[in-house]
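# Coordinate analysis (summary)
Below are the chains, spelled out letter by letter.
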Amino acid sequence: MGAKILNGKELAAELRREIAEKSDALMAENGVQPGLGVILVGADPASASYVTAKEKACAAAGMYSEDVRLPEETSEAEVLEVVGRMNRNPKIHGILVQLPLPQHISESRVINAIDPAKDVDGFTPVNIGRMIIGEPCFLPCTPHGVIQMLLKAGVETAGSHAVVVGRSNIVGKPVAQLLMRKAEGGNATVTVCHTATKKLADFTRQADILIVAAGRPETVTGDMIKPGAVVIDVGVNRVPDATKTKGYRLTGDVDFESAQESAALITPVPGGVGPMTITMLLHNTLESAERAAKH
Ligand code: NAP
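Criteria and thresholds
- Residues numbered from 1 in each chain as written.
- Predicted model: local features only at pLDDT ≥ 70, side-chain atom pairs only at ≥ 80, totals over all residues.
- Heavy atoms only, no water.
- Core = buried A, V, L, I, M, F, W, Y, C linked by side-chain atoms within 4.5 Å.
- Buried < 20%, exposed > 50% of the residue type's maximum accessible area, 1.4 Å probe, protein only.
- Helix = DSSP H or I, 4+ residues; strand = E, 2+ residues; numbered from the N terminus.
- Domains from an automatic or database assignment.
- Contact = heavy atoms within 4.5 Å.
- Near = heavy atom within 4 Å.
- Polar contact = N/O pair within 3.5 Å; in protein donor to acceptor, adjacent residues only side chain to side chain.
- Areas by Shrake-Rupley, 256 points an atom, 1.4 Å probe, with all protein chains shown as cover.
- Nonpolar A, V, L, I, M, F, W, Y, C, P; charged D, E, K, R; others polar.
- Pairing = 2+ DSSP bridges.
- Axes fitted to C-alpha atoms, helices over the stretch in contact; angles between N-to-C directions.
- Expected span 1.5 Å × (residues − 1).
- Patch = residues over 30% accessible without salt bridge, like charges linked within 9 Å, V, L, I, M, F, W, Y side chains within 5 Å.
- Salt bridge = Lys/Arg side-chain N within 4 Å of Asp/Glu carboxyl O.
- Lys, Arg positive; Asp, Glu negative; His and termini not counted.
- Charge placed at Lys NZ, Arg CZ, Asp CG, Glu CD.

### Let's talk about the nonpolar core
Counting residues in each nonpolar core, the largest one holds 51 residues, and the members touching the most others are V146, L150, L179, I211, I232 and V234. For this core, the leading source of residues is helix α10 (residues 273-294), giving eight residues. Of the residues that make up this core, three or more belong to each of domain 1 (32-118) and domain 2 (141-274). The residues touching V146, leaving out its near neighbours within four places in the chain, are V175, I211, I232, V234 and V273. Grouped together as the second largest cluster of nonpolar side chains are 18 residues, V163, V165, M224 and A259 included.

Here you go:
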C-alpha cells in the first residue's frame, strides 16, 4: 500500500506566510512589532539548535526577538531575574524558556514566574488550567500543531478513537486534552498509554488516530497500527550514524518504513510535527502582540 505523507514543512511554510502578513499589518497599523524573548541556559547542542531555529523563524516572520544565552552554572535567581525583566519589557510579547534547564534550577519555579499573558509556550499552570476548562489561553505549541495538522489534512477527529502514546506535560497530556475538547479538532474518544500500559499494541491497534510521543525510536511498528489509521509521530531522536556529516540521523518514535504500509496518512521525521511546533509559537506570539496592541 503506502501511506500518504502529511507534510508539516509545507503546511508550516503556508501558515508562517500568513503570520508574517499579519505581523507586518500589526506593525503598519498599530506600530507594534511582535516580540519573543528566548532564554537558553547551558550548552546542550539540541537545545541551542532549537533556539536558533526559533529565532530565525521569528526574523522571517517580521518579529523582534531577544535572545539571552546563559552559562550552565547560572543560578536560579539569575534566570528568574531575566524572566522578570522580560515580563516587564513592553517590546516582548512572548517568553520562551528552552527546556530542559540544568538540574540545579527548578523548571516549575522558572515557568511559574512567566507572566501568563506572555506564556506563548502554554506551559504555565494558569494556561494549562484555562485550556482544560475551555477558557481562552495560549495552547501549547506542539499539541496545537498536531491538531492543526489534522484539521488541515481534513481528518475527522469527532467520533474517532484517538490513542496517545506518552503522558508528558508538554505533549501527551495536552494533546489528549485537545483531542477530547468539545471543539473543532476535538470530540474524539481518547486513550492515553504510558510505560505502565500492558500490551501497548492492543491499544494502538484500536486507534483511528495514533499520536506517538514516547521519546524512544521504534516504539510503534507497522504491525501495531490499524490499517487506514492516521499516524502522527511527535518523536525526535538523534540516532548515531557514522555515514552522516553530523554523526547522527533524526528519527521519530514510529518505525516509518513498516508504519507506512498500514497507515493511510503519516507524518515524517524530520519534516512533520517539528516545523509546526515553531509555527504555533509564532502564532501565539502574534496573538499576544495583537492583544497588547488593543490595550
Ligand atoms: P517525555 O517527557 O520523555 O515523555 C515520554 C512519555 O512516553 C512518557 O509519558 C512515557 O511514559 C511514555 N513512554 C515512553 N516509552 C514508552 C513505551 N515504550 N510505551 C508507552 N509509553 C512510553 O517526552 P516528551 O517531552 O513528551 O517528548 C516525546 C517525544 O517528542 C520526544 O522524542 C521529543 O523529542 C519529541 N518532541 C518533539 C517536539 C516537536 O516539536 N516535534 C516537541 C516536543 C517533544 P511514563 O510517563 O510512564 O514514563
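Next comes the rest of the write-up.
### Observations concerning the domain arrangement of the protein chain
Domain parsing of the protein chain yields domain 1 (32-118) and domain 2 (141-274). Taking only C-alpha atoms, the centre of domain 1 and the centre of domain 2 are 28 Å apart.

### As for the site of the ligand
Neighbouring the ligand are 23 residues, the closest being R167, S168, T195, V236 and T277. One of the backbone nitrogen or oxygen atoms of A213 is found 3.4 Å away from an oxygen atom of the ligand. Separating a nitrogen atom of the ligand from a side-chain N or O atom of R216 is a distance of 3.4 Å. Calculation on the ligand without its partners gives an accessible area of 930 Å², and the protein chains cover 72% of this total. Ranked by residues supplied to the shell around the ligand, first place goes to α10 with three residues. Its residues assigned to classes, the shell around the ligand shows nine nonpolar, 11 polar and three charged.

### Quick notes on the sheet that holds strand β2 (residues 35-41)
The strand order across the open sheet formed by three strands is β3-β2-β4, and the pairing between neighbours is parallel. What marks the edges here is a single partner per strand, and that holds for β3 (64-70) and β4 (94-97). Looking at each pair of strands side by side, their axes are set apart by 15 degrees on average, direction ignored. By the bridge criterion, seven bridges tie β2 to β3 in an arrangement that is parallel. Bridge assignment links G37 to a residue of β3, and that residue is E66. In this fold helix α2 (residues 45-60) packs onto β2, β3 and β4, with an angle of close to 165 degrees to the strand it touches most, β3.

### Notes on helix α3 (residues 76-88)
Counted at 1.5 Å a residue, the expected span for α3 with its 13 residues is 18 Å, and the 19 Å between its end C-alpha atoms agrees. Looking at α3, one finds that the buried residues are E76, V79, V82, V83, G84, M86 and N87. Those residues of α3 hidden inside the fold are in contact with β2, β3, β4 and α4 (107-113).

### Brief notes about the environment of L200
Inspection of the secondary structure puts L200 in helix α8 (residues 200-204). The contacts of L200, once residues within four sequence positions are left out, are V165, C193, T219 and M224.

### Points about unusual backbone geometry
The omega torsion across L99 and P100 is 0 degrees, close enough to zero to call that bond cis. Between V269 and P270 the backbone carries a cis peptide bond, its omega angle lying at 0 degrees. Locating P270 in the fold gives a position in the loop between β11 (265-266) and α10. In this model, N187 sits at a positive phi of 60 degrees, which is unusual for a non-glycine residue. Summarising the element assignment, N187 is placed in the loop between α7 (172-180) and β6 (189-193).

### What to know about a nonpolar patch on the surface
A cluster of nonpolar side chains, contributed by Y50, V236 and L250, occupies part of the molecular surface with about 240 Å² of accessible area. Residue Y50 is classed as partly exposed on the basis of its relative accessible area, which comes to 39%.

### Considerations on a negative patch on the surface
A cluster of acidic residues, E14, E18, E21 and D24, forms a negative patch on the protein surface. Looking at the element boundaries, E14 is found in helix α1 (residues 8-30).

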